[in-house]
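For reference, the chains in residue letters:
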Amino acid sequence: MKIKSAQLKDLISKSEKTIFGFLFYGSDLGAIDECVRQVLAYFRAQKKAVEEVVIGPDALKENPARLSEEAASMSLFGGKKIVWLKNPPDTLLNELNDYFEHAESDTPVVIISSDAFNTKSKTVSLLNDLPNVACLGCYLQEGADLRDTISSVLQKQGFLIEPDAMRLLCESLGSDKGATLSELEKLVIYKGQDKKVTLSDVEACVAGSAVATGDDLWAFTLTGQLDKAQKKMNLLLEEGTAAVAIIRIFLYKLQQLMRVQGLISNGMNADEAIKKVPPFIPFKYATVWKQIVLSWQPNFTKEAFFLTMEAEKNAKSGLNEQLILKRFLGALSQAGKKFCR
């Protein structure tokens with residue numbers, strides 16, 4: 001059953017009665033983790049004991065029947081059992097269909113999370129059609145959705161925000177819901193008892209941190225400044241940014257670059273095309289972004305995009321993240337140095 005994020009809280013409360021599974025998927029890993037946290041928090045808040053079993057992709061590949069085995073076993077604590085399938089393979093269709101077809105009140109609730117699944121995945125198609133499984137796609141927020149998230153978080157804390165401050169927050173956040181919530185929490189702590197958020201507050205607390213570092217990273221890399229790019233990458237890693245999140249900075253930026261180049265190839269001038277394709281480019285990066293738009297050849301931009309997708313896949317596979325990032329930045333910087341001399 002396909003649902004919207006606003007329905008999740010109500011459906012969680014119906015777990016064990018009409019809902020026996022939750023599927024969270026899409027490109028926003030932070031949003032997926034937040035949804036899983038909400039489900040787990042509900043059961044942990046109940047008075048009865050809860051046993052949580054986490055099953056990774058390797059275990060499911062080796063033993064596809066592991067889910068059925070967990071369903072048949074009793075909780076060690078005599079309470080409710082939660083089975084969390086993390087990044088399962090897209091091949092457990094028979095096992096999942098059989099599980100939810102026979103789910104009852106004492107059956108473990110199953111959480112399935114995967115940032116590799118999308119609307120075309122077989123698992124998503126299957127579970128969308130089952131009435132006792134709640135399926136929520138988690139994608140990067142932008143526009144009205146991002147604005148609603150920011151407003152909701154700040155309003156719950158009793159804050160008012162100036163329009164210019166909201167505009168800058170919308171420009172700076174949204175790459176990952178977990179990161180968005182973290183930055184808003186920092187802003188709330190920074191403001192303390194002063195309940196009015198101004199543009200200068202956002203500039204001081206949010207826009208000057210990892211967001212700006214991410215902008216520096218793509219700017220240095222796509223113009224061939226490898227040494228500076230590596231320093232920015234190391235700073236992001238030290239701040240706890242995951243390798244996948246760093247790679248996705250380029251994924252989104254290269255998507256934006258391809259859209260701009262597509263408009264130019266259809267006859268639009270560069271300045272108009274840049275304004276037409278969001279997200280907004282901060283003034284600090286306007287000149288370098290135009291240089292990249294005009295210098296990078298469209299066919300190489302597409303190659304760089306596919307290279308980035310491959311790097312993201314490798315970063316999720318358990319390979320050495322430092323080595324993946326080093327090779328990835330090196331390849332893109334080499335292209336940047338060639339085009340942006």
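All figures in this text were calculated on a predicted structure; none of them were measured in a lab. (Residues numbered from 1 in each chain as written. Predicted model: local features only at pLDDT ≥ 70, side-chain atom pairs only at ≥ 80, totals over all residues. Heavy atoms only, no water.)

Caption draft 1: Structural view of the overall build of the protein chain. The helix and strand tally for the protein chain stands at 17 helices and seven strands. C-alpha atoms of the protein chain, sized along the principal axes, occupy 65 × 50 × 40 Å. Taking all 341 residues of the protein chain together, 45% fall into the buried category. Across the protein chain, every contact between residues at least 6 apart in sequence was considered, and the portion connecting residues at least 24 apart equals 75%. With the model as given, the accessible surface of the protein chain reaches about 17800 Å², and the carbon-plus-sulfur share is 53%. Treating the 42 positive side-chain charges of the protein chain as one cloud and the 42 negative ones as another, the clouds have centres 5 Å apart. (Helix = DSSP H or I, 4+ residues; strand = E, 2+ residues; numbered from the N terminus. Buried < 20%, exposed > 50% of the residue type's maximum accessible area, 1.4 Å probe, protein only. Contact = heavy atoms within 4.5 Å. Areas by Shrake-Rupley, 256 points an atom, 1.4 Å probe, with all protein chains shown as cover. Lys, Arg positive; Asp, Glu negative; His and termini not counted. Charge placed at Lys NZ, Arg CZ, Asp CG, Glu CD.)

Caption draft 2: Broad picture of the packing of helix H12 (residues 226-238) against helix H17 (residues 321-339). Closest axis-to-axis distance for the H12/H17 pair is 10 Å, and the angle between their directions is 150°. Considering how the two elements wind past one another, H12 and H17 form a crossing that is right-handed. Residue-level inspection shows Leu226, Ala229, Gln230, Met233 and Leu237 of H12 in contact with H17, the latter providing Gln322, Leu325, Lys326, Leu329, Gly330 and Ser333. (Axes fitted to C-alpha atoms, helices over the stretch in contact; angles between N-to-C directions. Left-handed = near helix turned anticlockwise from the far one by under 90°.)

Caption draft 3: Highlighting the pattern of salt bridges. Within this structure, the stated rule accounts for 14 salt bridges. Its salt-bridge partner being Lys81, residue Glu70 comes within 3.1 Å of it at the nearest N-O pair. Remark: Lys81 occurs in strand E3 (residues 80-86) and Glu70 occurs in helix H4 (residues 66-72); sequence separation between them is 11 residues. In this pair, the class of Glu70 matches that of Lys81, namely buried. Where Lys196 meets Glu162, a salt bridge forms, and the shortest distance between an N and an O atom there is 3.7 Å. (Salt bridge = Lys/Arg side-chain N within 4 Å of Asp/Glu carboxyl O.)

Caption draft 4: View of the side chain of Thr123. As for its placement among the helices and strands, Thr123 is situated in helix H6 (residues 122-128). Apart from residues lying up to four places away in sequence, Thr123 is in contact with Leu23, Pro89, Asp90, Leu93, Leu96 and Phe117.

Caption draft 5: Broad picture of the packing of helix H13 (residues 243-265) against H17. Following both chains from N to C, one finds H13 and H17 inclined at 15°, their axes separated by 10 Å at the closest point. Judged by the angle between their axes, H13 and H17 are roughly parallel. The crossing of H13 and H17 is left-handed. Across from Ala243, Ile246, Ile247 and Phe250 in H13, the residues of H17 making contact are Glu321, Ile324, Leu325, Phe328, Leu329 and Leu332. (Parallel < 35°, antiparallel > 145°, perpendicular 65-115°, else oblique.)

Caption draft 6: Highlighting the packing of aromatic side chains. Applying the stated rule across the entire model yields 10 aromatic pairs. Note on Phe22 and Phe24: the rings are 6.2 Å apart at their centroids and 20° apart in plane angle, and the pair reads as stacked. Given the relative accessible area of 0%, Phe22 is considered buried. Geometrically, the ring pair formed by Tyr25 and Tyr139 is edge-to-face, given 6.3 Å between the ring centres and 85° between the ring planes. (Phe/Tyr/Trp six-rings, centres within 6.5 Å; stacked < 30°, edge-to-face > 60°.)

Caption draft 7: Quick peek at the pairing of E3. Among the seven residues of E3, six are classified as buried, and the element is accordingly described as predominantly covered. One ladder, built from six bridges, connects strand E2 (residues 50-55) with E3; its direction is parallel. By the bridge assignment for E3, Glu52 is matched with Ile82. Here E3 pairs with strand E4 (residues 109-114) via five bridges, running parallel. From the neighbouring strand, Lys86 faces E4, where its bridge partner is Ser113. For the handedness criterion, the β-α-β arrangement of E3, helix H5 (residues 93-101) and E4 is classed as right-handed. (Pairing = 2+ DSSP bridges. Right-handed = clockwise from strand over helix to strand, strands pointing away.)

Caption draft 8: Looking closely at the sheet that holds strand E1 (residues 21-25). Ordered in space as E2-E3-E4-E1-E5, the five strands form an open sheet in which the pairing is parallel. Only two strands of the sheet have a single partner each, and these edge strands are E2 and strand E5 (133-137). Each strand of the sheet is rotated relative to its neighbour by a mean of 15°, with strand direction disregarded. Taken strand by strand, helix H2 (residues 29-45) contacts E1, E2, E3, E4 and E5, and its axis lies near 165° from that of E4.

Caption draft 9: Just the side chain of Thr221, in detail. In this fold, Thr221 is placed in helix H11 (residues 210-222). The residues contacting Thr221, other than those within four sequence positions of it, are Ala229, Phe250, Leu329, Leu332, Ser333 and Gly336.

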